[in-house]
Amino acid sequence: MEKNQLLVTMRPEFLRGESAYTGKILRVNLSTENMWVDEQPDSFYRKWIGGRGLILYYLMKETLPKIDPLSPDNLLIFAPGLLTGTILPGTGRHAVGAKSPLTGALASSEAGGWWGAELKRAGFDAVVIQGKSEKPVYLWIKDGLVEIRDASHLWGKTTGDCQEIIQTELEDKKIRVAQIGPAGENGVLYSAVMHDVNRAAGRSGLGAVMGSKNLKAVAVRGSFNVGLADKQLMQVTTKWITSNYKDMMGWASSYGTPGSVKPNHDVGATGIRNYQDSALVGIDQLDATSFFPLLVTGRDTCNRCPVRCKLIVSYDGEEKIDPRYGGPEYESIGGLGVLCGISDPVIVAKANELCAANGLDTISTGGTIAFAMDCVKNNLISGFDFLPVFGDGQSLLKSIHLIVERSGLGEWMAEGSLRMAQRVGKQSENYLAVARGQEFPFHDPRLKNTIGMGYALSATGADHMHNLNDTFATWDGADVCARLREMGMQTPLELWGISDHKILAYQYETAFKNFLDSAVICHFYPYEYHHMEDALNGAGGWNLDKDEINRIGERIINLARLYLVREGFTELDDALSSMAYHRLDSGPIAGKSLTPLELREALEKYYSAMGWSSTGVPEDTTIERLQLVEF
Ligand code: SF4
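What you are looking at is a predicted structure, and each value in this text was computed from that prediction instead of being measured. (Residues numbered from 1 in each chain as written. Predicted model: local features only at pLDDT ≥ 70, side-chain atom pairs only at ≥ 80, totals over all residues. Heavy atoms only, no water.)

Student: Looking at this model, I keep getting lost on the nonpolar core. Mind explaining?
Tutor: One broad rule of soluble globular proteins: the nonpolar side chains tend to lie buried together. Among the nonpolar cores identified, the biggest contains 157 residues, and Leu83 and Met532 are the most heavily contacted of them. With near-sequence residues (within four places) excluded, Leu83 lies in contact with Leu88, Thr91, Met234, Ala519, Ile521, Met532, Ala535, Leu536 and Ala539. (Core = buried A, V, L, I, M, F, W, Y, C linked by side-chain atoms within 4.5 Å. Buried < 20%, exposed > 50% of the residue type's maximum accessible area, 1.4 Å probe, protein only. Contact = heavy atoms within 4.5 Å.)

So this is what it looks like as structure tokens:
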């Protein structure tokens, strides 16, 4: 073996197809080119499952407090979950994590596609990367063989071109590539790690962490079979979802997440023109029923998913849209369209393409540009050749280019809206829509009050995925209501406010979502606790029940909280910025929002319910109950 290579022998149980985990966690030190493997016991997988659980375990164990996120000391962790790559539909996902350069808190973001399952098939449950290479490199992982390869020729390439070059030079078009684009190379603080070109682990600046390590890509190819301890048990859940997905997930197969843009806009859920307006002129053009015939040429999917909710988009007019980069999802249309006052679907799809090609998080990109547009509208910025304007599509596209290049106003925008407000001054923080320094997704906390509390509490900064979506929970047929009933709660929930009832529902649902992000499973699948019991026990050969699944989620939330405490965050950082309280004069949410006092009261009730102190720190009894004493 060369110094830059490692060959790992697989466990017999994994080779015989009797294990859903490989038992091998790949470690790479890019400073020294040392590579080795951690072999964790079965109890590790049962306790942490994988994904976010594994990411937090390694961040807490192996990083010192308050490190610079862009230093070689940070870890970059790619972590599929126990169920990734198994026969269960909806498991074609994995998590990526690090300390976030955007927030200084946790970065933990999930991506679909095929990469995570391919890594498991190549023999690894996770890749934990530390250090910094002297020159650009990429990792090549195939069936237990790992190699650090030169990536000088890939640096500066867009994601589509980089993937094609790697697949060509390794002579295999089925190689799956995780990578950064030019935005990550240039340290944009909300740059993404892209997979299969168009699937982003988008949030919190993971691309900048990867770029800081001079790591351009991780290419994987595997031929091992991800097995199961008890295939019959797993098939209970597999058969159920196979029989029911057409009825229960028809929304995803038909218009996917873009189908909810117009309905959400109409009830005041999206945030319009940086949360300043109650309606977007031309919103009908962004309705899926009108833009699908114009742009959508096909559908795409993730590993072992029959739903096929992903879009293939192409356009050959004045703007040309490259079909390699997929189509805009709900969040991308919300951020790059509605929030910036843009209703032209071609412009939104082009902006989405630019974000995927350059490796940018569409939520923070849209949020930051909309903030800049609001600053321009209020005459708070001057002295730049170019200033972006609400409703101007070319402004949006030019802003994205400037952000990627860190040029002109793009140098300010590349740092995210909170840091930009600090540079602009002039009370521009009054136009911010952030929590813990990360831009809001497009679920307006003035309508969805519990989601707002979740933004304030999230260890990653504002996030809608590990959260309780108020409007979903008001409908008795929603999967969230079915899960809450399993936990003994009456459903559905009321829409407005944050009652004790909603706080309890938030506790259960965020525990379940954190479990899903560890397993790692697509949130669109309507799985309930009993489905997950059968799937996990089938995969691991265990006897977990719903209470243990809930406890796994609680453990991960509490470890994330301990991470925040360690990094210097206090209860005062559990907060929402000004736009969460900005009341509109008209429209469906006219005059509506929580007050800061109401949010604080809800947070104090939540701390108490979680077994945390009045300052939001997990109590010793909570730490013991959740087996977190070692941290
Ligand atoms: S439903 Fe959509 S996002 Fe989820 S696994 Fe299937 S294709 Fe991927």
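That shown, we press on.
Student: Before we go on, may I ask you to explain the packing of aromatic side chains in this structure?
Tutor: The way to describe two aromatic rings as a pair is by their centre distance and the angle between their planes. Under the definition given, this model contains 22 aromatic pairs. Ring geometry for Phe78 and Trp115: centres 5.1 Å apart, planes at 45 degrees, overall tilted. Note that Phe78 is positioned in strand β4 (residues 76–80) and Trp115 in helix α4 (residues 115–121), a separation of 37 residues in sequence. Phe78 sits in the buried class, given a relative accessible area of 0%. Under the relative-accessibility criterion, Trp115 is labelled buried at 0%. Put simply, the rings of Tyr21, Phe44, Tyr45, Trp48, Tyr57, Tyr58 and Phe631 pair up and form one aromatic cluster. A cation over a ring is seen here: Lys61 above Phe631, with NZ or CZ 5.2 Å from the ring centre. Over the aromatic face of Trp496 sits the side chain of Lys592, whose NZ or CZ is 4.5 Å from the ring centroid. (Phe/Tyr/Trp six-rings, centres within 6.5 Å; stacked < 30°, edge-to-face > 60°. Helix = DSSP H or I, 4+ residues; strand = E, 2+ residues; numbered from the N terminus. Lys NZ or Arg CZ within 6 Å of the ring centre and 35° of its normal.)

Student: Hey, could you run me through the side chain of Asp125 in this one?
Tutor: Assignment of secondary structure puts Asp125 in the loop between α4 and β7 (126–130). No salt bridge is formed by the buried Asp125. Its closest oppositely charged neighbour is Lys120, at 4.7 Å. At a separation of 2.7 Å, a polar atom in the side chain of Asp125 contacts the main-chain amide nitrogen of Gly23. At a separation of 2.6 Å, a polar atom in the side chain of Asp125 contacts the side chain of Tyr45. When neighbours within four sequence positions are excluded, Asp125 is seen to be in contact with Tyr21, Thr22, Gly23, Lys24, Ile25, Tyr45, Ala79, Pro80 and Lys120. (Lys, Arg positive; Asp, Glu negative; His and termini not counted. Salt bridge = Lys/Arg side-chain N within 4 Å of Asp/Glu carboxyl O. Polar contact = N/O pair within 3.5 Å; in protein donor to acceptor, adjacent residues only side chain to side chain.)

Student: Please clarify how the sheet that holds β7 should be interpreted in this entry.
Tutor: In a beta sheet, neighbouring strands are held together by backbone hydrogen bonds and run either parallel or antiparallel to one another. Across the sheet, six strands lie side by side as β3-β2-β7-β4-β5-β6; this open sheet has mixed pairing. One side of each edge strand has no neighbouring strand; the edge strands of this open sheet are β3 (34–38) and β6 (106–111). Sheet twist, expressed as the average angle between the axes of neighbouring strands with direction ignored, equals 15 degrees. Both strand β2 (residues 25–29) and β7 contribute to a ladder of five bridges, which runs parallel. (Pairing = 2+ DSSP bridges. Axes fitted to C-alpha atoms, helices over the stretch in contact; angles between N-to-C directions.)

Student: Please explain unusual backbone geometry as it appears in this structure.
Tutor: A negative phi angle is the norm for most residues apart from glycine, just as the trans form is the norm for most peptide bonds. Here the amide bond leading from Thr491 into Pro492 is cis, since omega sits at 0 degrees, within 30 degrees of zero. Along the chain, Pro492 turns up in the loop between α19 (479–486) and α20 (500–519). Of note, Asp196 is a non-glycine position whose phi angle comes to about 50 degrees, a positive value. For Asp196, the location among the structural elements is in the loop between β11 (193–195) and β12 (199–201). What makes Asp196 buried here is its relative accessible area of 10%. Not every positive phi belongs to a glycine, and Gln427 is a case in point at roughly 60 degrees. Considering the arrangement of structural elements, one finds Gln427 in the loop between α17 (417–424) and β18 (434–435). We classify Gln427 as exposed; its relative accessible area is 56%.

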